[in-house]
Amino acid sequence: MKRKVGALEKIEADHAALRYKIKRDPQSYQDDFNNQYQQYETLRDLFLQSPSTTDSGIVALKDLIEFVSHCADCYPTLTSKFPEELTQILLQHHEVLEYELRDKIVGSLCLLRNKDVIDSIALLNTLFPVLVSTPSKSLRQLLFTKILSDLRSSNNKSTNHKLNRTIQTVLYNLLESDKESPKGIWAVKITRELWKRQIWTDARAVEVMRMAALSENEKVITGGVRFFLGGDKEREEAAEESSDDDHDVDMARLRHQAGINKKSKKTGRDLKKAAATVKKKEKKKSAPHPLNFSALHLLHDPQGFAESLFSKHVQNSKSKLTLESRLLVLQLVSRLVGLHKLTVLSLYSYFLKHLTPRQASVTSYLACLAQATHNYVPPDVLEPLVQKIANEFVSEASASEVAAAGLNAIREICVRQPLAMTDTLLQDLVMYRKSKDKGTMMAAKGLLSLYREVGAELLHKRDRGKDAAMGVRAGTIKERRYGEEAVGEIEGIELLEKWKEEERRKKREAAGLDPDVDDGSELDSGEDWKKWDVESDADSDDSGGWINVESDGEDINISDSEDEKDKPKAKKAKLDPTTTSETPAPTDSKQTDADIKSISKLLTTTILTPADLKQLKALQESAAVNAHLPSHKRAQLLAQRHADEAITAETIEAAASLGKKNTREEKIAMAKADRETNHQSTTAKRKAKKEAEGKSTTNKEKARKKNFLMTLGKAKSKNKRSLVDVRKTLKGHVERSKRGGKRGNQKGAMP
């Protein structure tokens with residue numbers, strides 16, 4: 001046995017040496033390569049007579065395959081049939097091949113692809129049929145890794161559209177040809193991995209996953225559905241991880257160290273590398289976000305896709321999907337309906353029989369219902385659902401967690417369609433804000449605060465609050481009708497208008513005038529433009545003077561938020577609808593006046609300057625911060641989400657968890673976690689931070705760490721000093737401090 005192993009090692013060493021020589025001078029060693037290639041052909045013919053054999057000839061064949069694949073690019077004419085021969089062996093005999101020889105053939109084909117002896121299409125057309133048909137788990141894992149690696153390398157420098165279209169067509173045909181076969185799971189895995197790595201970002205990849213979601217095999221269905229529900233999140237997390245790989249570089253620290261430390265080539269290389277990293281990060285900051293479109297937005301026909309999913313996998317009684325898989329499909333359907341504002345009326349009648357506390361995973365059904373609601377869903381479709389949730393979940397006989405979940409689900413539905421609520425039901429639900437359970441109380445207060453903003457007319461006067469009551473009385477807050485869209489305007493313009501009004505009042509009070517009267521006694525604000533300094537204007541040299549333009553019966557005021565503190569703004573001219581409009585006035589004068597009042601005056605009579613826009617942005621940020629701060633005036637359970645964000649069962653259960661007490665096991669786990677936390681003093685944290693930043697310590701801190709025996713002699717000498725010596729030492733200390741230190745710095749010297 002030892003002789004055989006030694007002989008094999010000698011053969012491998014000879015092959016490695018000959019391979020090195022051939023790569024340096026192929027022409028001189030062509031005869032040697034011919035001899036090795038003839039040996040390969042002889043062993044290959046013997047092997048094809050009995051592919052399942054495991055004799056010693058396989059080892060020699062494996063070494064020769066590796067040798068020829070390394071040198072094939074040097075003799076392309078002689079080895080022209082070599083890739084095709086390996087392909088035939090793998091495709092025809094992969095089930096009976098010895099595993100080391102099988103893996104060696106796969107590695108040799110990938111090596112030939114890296115040497116450009118074969119192209120990617122030929123390699124993938126060889127590996128993919130074996131991937132979907134082999135029973136070997138280890139071979140499937142190897143082939144899956146090699147396919148992904150080749151696709152990544154092919155799209156590394158630039159997108160290979162031809163290869164991507166070819167592979168996507170193969171995957172699509174695999175899913176379409178046999179919808180009941182589990183082989184389609186490999187199409188799902190490959191597409192999802194390439195989507196995560198941002199190699200495939202087009203609609204063709206989404207079409208492959210759409211076909212997978214409409215398959216008939218449960219594993220393929222769940223794989224396609226999970227892609228649409230979580231593929232974008234995985235892709236974003238992968239993008240964040242890749243951006244975090246570029247560790248932060250402290251350029252100031254490196255320059256400081258390069259200035260005070262010994263000059264070396266290594267320091268210079270580190271400084272150049274750090275500068276390159278900083279430039280790379282700056283480019284990434286200015287580059288567009290990689291996630292421009294999600295998979296849900298790239299669907300060609302979301303209406304047809306949602307209807308097919310619902311009728312095939314959810315509504316169909318013959319569907320054999322488990323409850324978990326059916327819930328996943330239902331989440332995708334509701335997500336599509338809410339995101340694209342689709343109309344699938346049979347979906348809401350399906351929810352009606354599942355909205356009971358005894359239903360398994362009922363919070364997931366509630367989340368799906370809230371997610372499938374939008375402002376184009378008819379209110380008469382949603383009213384029975386809201387009423388059933390209130391009857392089944394929200395009652396004094398229900399548990400506190402059940403009532404909190406029901407109230408929270410009703411609130412999430414009404415956020416998207418406020419017209420689904422009736423005044424009688426709302427007044428009953430709002431009464432639960434006096435509940436002793438914290439979760440139920442917070443959920444009811446969240447519903448109350450919502451309708452103070454979107455439907456204050458449905459509330460009693462005592463429940464409307466100050467702002468809502470004043471808005472209803474003034475006519476600024478009114479119930480929006482079904483299908484009505486808000487008038488397009490600048491978001492937060494009312495904040496800027498209110499701020500300007502307050503500034504005007506302050507200036508009039510400072511000038512001794514009545515702040516409630518606008519008598520036109522303001523001074524000219526033309527001087528404000530001279531004080532206005534904006535970076536963009538400072539760079540322009542070709543700006544000319546102002547040109548006076550006559551207005552057509554309407555005064556337009558150009559204001560500046562930063563300079564209005566000095567002088568009051570000019571009085572705005574009011575519009576006269578009888579003179580400016582040639583069309584006859586509408587019959588409903590009250591509605592016309594309300595529409596005119598609802599439009600901000602700043603949008604019609606004022607040109608906003610960059611300073612106004614800067615102030616508007618600051619006011620919006622301040623309002624957003626205040627909306628998330630706890631306040632005694634209003635209790636917001638959850639902030640309103642973006643329409644694209646998904647609603648999960650945890651969202652519905654969030655209110656119930658507020659009043660839930662921790663169990664004994666949870667308390668023990670929290671105590672252990674707190675005990676493991678490293679509690680440090682402020683000095684220790686500051687010290688650790690300085691060490692992490694590479695900063696040095698002071699002389700006083702260094703003296704504390706000095707060895708005691710090193711300080712013993714100085715301590716003894718201090719004890720033996722006389723009073724005269726002590727006096728001299730203190731006097732010298734005073735004189736040095738007057739000079740400005742030991743070196744006599746002029747900056748600190750006393751006169």
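Residues numbered from 1 in each chain as written. Predicted model: local features only at pLDDT ≥ 70, side-chain atom pairs only at ≥ 80, totals over all residues. Heavy atoms only, no water.

Quick word on the overall build of the chain
Line of reasoning, step 1. Along the backbone of the chain there are 35 helices and two strands.
Line of reasoning, step 2. Within the span of the chain, comprising 751 residues, buried residues form 35% of the whole.
Line of reasoning, step 3. On the chain, roughly 47,400 Å² of surface is accessible, and the fraction owed to carbon and sulfur atoms is 51%. (Helix = DSSP H or I, 4+ residues; strand = E, 2+ residues; numbered from the N terminus. Buried < 20%, exposed > 50% of the residue type's maximum accessible area, 1.4 Å probe, protein only. Areas by Shrake-Rupley, 256 points an atom, 1.4 Å probe, with all protein chains shown as cover.)

Quick notes on the packing of aromatic side chains
Line of reasoning, step 1. The final tally for this structure, using the stated rule, is 11 aromatic pairs.
Line of reasoning, step 2. Note on Phe33 and Tyr75: the rings are 4.5 Å apart at their centroids and 20° apart in plane angle, and the pair reads as stacked. Of the two residues, Phe33 sits in helix 2 (residues 30-49) while Tyr75 sits in the loop between helix 3 (57-71) and helix 4 (82-93), which places them 42 residues apart along the sequence.
Line of reasoning, step 3. Measuring from centroid to centroid gives 5.7 Å for Phe144 and Trp186, while their planes differ by 50°, and the two rings are tilted. In this pair, Phe144 sits in helix 7 (residues 137-154) while Trp186 sits in helix 9 (residues 184-196), placing the two residues 42 residues apart along the sequence. Summarising the burial analysis for this pair, Phe144 and Trp186 share the class buried.
Line of reasoning, step 4. Taken together, the aromatic side chains of Phe33, Tyr37, Tyr40, Phe67, Tyr75 and Phe82 make up a single cluster linked through ring pairs.
Line of reasoning, step 5. Over the face of the ring belonging to Trp186 we find Lys189, whose NZ or CZ atom lies 4.6 Å from the ring centre. (Phe/Tyr/Trp six-rings, centres within 6.5 Å; stacked < 30°, edge-to-face > 60°. Lys NZ or Arg CZ within 6 Å of the ring centre and 35° of its normal.)

So, unusual backbone geometry
Line of reasoning, step 1. Positive phi is not limited to glycine here, since Gln198 has a value of about 60°.
Line of reasoning, step 2. The residue Gln198 is located in the loop between helix 9 and helix 10 (203-213) in this model.
Line of reasoning, step 3. Even without a glycine there, the phi angle at Lys341 is positive, about 55°.
Line of reasoning, step 4. The partly exposed category is assigned to Lys341, whose relative accessible area is 40%.

A closer look at a positive patch on the surface
Line of reasoning, step 1. Together, Lys706, Lys714, Lys718 and Arg721 line one region of the surface with positive charge.
Line of reasoning, step 2. Within the secondary structure, Lys718 sits in helix 34 (residues 708-720). (Patch = residues over 30% accessible without salt bridge, like charges linked within 9 Å, V, L, I, M, F, W, Y side chains within 5 Å. Salt bridge = Lys/Arg side-chain N within 4 Å of Asp/Glu carboxyl O. Lys, Arg positive; Asp, Glu negative; His and termini not counted. Charge placed at Lys NZ, Arg CZ, Asp CG, Glu CD.)

Overview of helix 6 (residues 120-133)
Line of reasoning, step 1. Under the 1.5 Å per step criterion, the end-to-end length of helix 6 is 20 Å for 14 residues, consistent within 8% with the ideal 20 Å.
Line of reasoning, step 2. Taken together, the buried positions of helix 6 are Ser120, Leu123, Leu124, Thr126, Leu127, Phe128, Val130, Leu131 and Val132.
Line of reasoning, step 3. Buried-residue contacts for helix 6 involve helix 4, helix 5 (99-114), helix 7, helix 8 (161-177) and helix 9. (Expected span 1.5 Å × (residues − 1). Contact = heavy atoms within 4.5 Å.)

As for the nonpolar core
Line of reasoning, step 1. Grouped together as the largest cluster of nonpolar side chains are 130 residues, with contacts concentrated most on Ile190 and Phe228.
Line of reasoning, step 2. For this core, the leading source of residues is helix 15 (residues 323-340), giving nine residues.
Line of reasoning, step 3. Residues from two domains meet in this core; each of domain 1 (1-120 + 127-133) and domain 2 (301-487 + 646-658) gives at least three.
Line of reasoning, step 4. Discounting chain neighbours no more than four positions away, the residues touching Phe228 are Val206, Met209, Arg210, Ala295, Leu296, Leu299, Phe305 and Leu332.
Line of reasoning, step 5. In terms of nonpolar packing, the next biggest core, distinct from the first, is built from six residues, Ile493, Leu496, Trp499 and Leu619 among them. (Core = buried A, V, L, I, M, F, W, Y, C linked by side-chain atoms within 4.5 Å. Domains from an automatic or database assignment.)

Thoughts on the side chain of His93
Line of reasoning, step 1. Along the chain, the position of His93 falls in helix 4.
Line of reasoning, step 2. Residue contacts for His93: discarding those within four places in its chain leaves Leu48, Pro51 and Gln88.

Structural notes on the packing of helix 7 against helix 9
Each pair of packed helices gets described by two things: the angle between the helix axes and the distance between those axes.
Line of reasoning, step 1. Remark: helix 7 packs on helix 9, axes separated minimally by 11 Å, with the N-to-C direction vectors making an angle of 40°. By the angle between their directions, the pair helix 7 and helix 9 is classed as oblique. Like other packed secondary-structure pairs, helix 7 and helix 9 cross with a definite hand, here right-handed. Taking contact as the criterion, the partners of Arg140, Phe144, Ile147, Leu148 and Leu151 in helix 7 are, on helix 9, Trp186, Lys189, Ile190, Glu193 and Leu194.
Line of reasoning, step 2. Looking at side-chain class alone, the contact of helix 7 with helix 9 contains seven nonpolar, no polar and three charged residues. (Axes fitted to C-alpha atoms, helices over the stretch in contact; angles between N-to-C directions. Parallel < 35°, antiparallel > 145°, perpendicular 65-115°, else oblique. Left-handed = near helix turned anticlockwise from the far one by under 90°. Nonpolar A, V, L, I, M, F, W, Y, C, P; charged D, E, K, R; others polar.)

Let's talk about the environment of His374
Line of reasoning, step 1. Relative to the helices and strands, His374 is located in the loop between helix 17 (362-371) and helix 18 (379-393).
Line of reasoning, step 2. Along the chain, His374 and Gln417 lie 43 residues apart, while their C-alpha atoms are 5.8 Å from each other.
Line of reasoning, step 3. If near-sequence neighbours (up to four positions away) are discounted, His374 is found in contact with Val337, Gly338, Lys341, Leu342, Arg416 and Gln417.
Line of reasoning, step 4. From its side chain, His374 meets the backbone oxygen of Leu342 in a polar contact 2.8 Å long. (Polar contact = N/O pair within 3.5 Å; in protein donor to acceptor, adjacent residues only side chain to side chain.)

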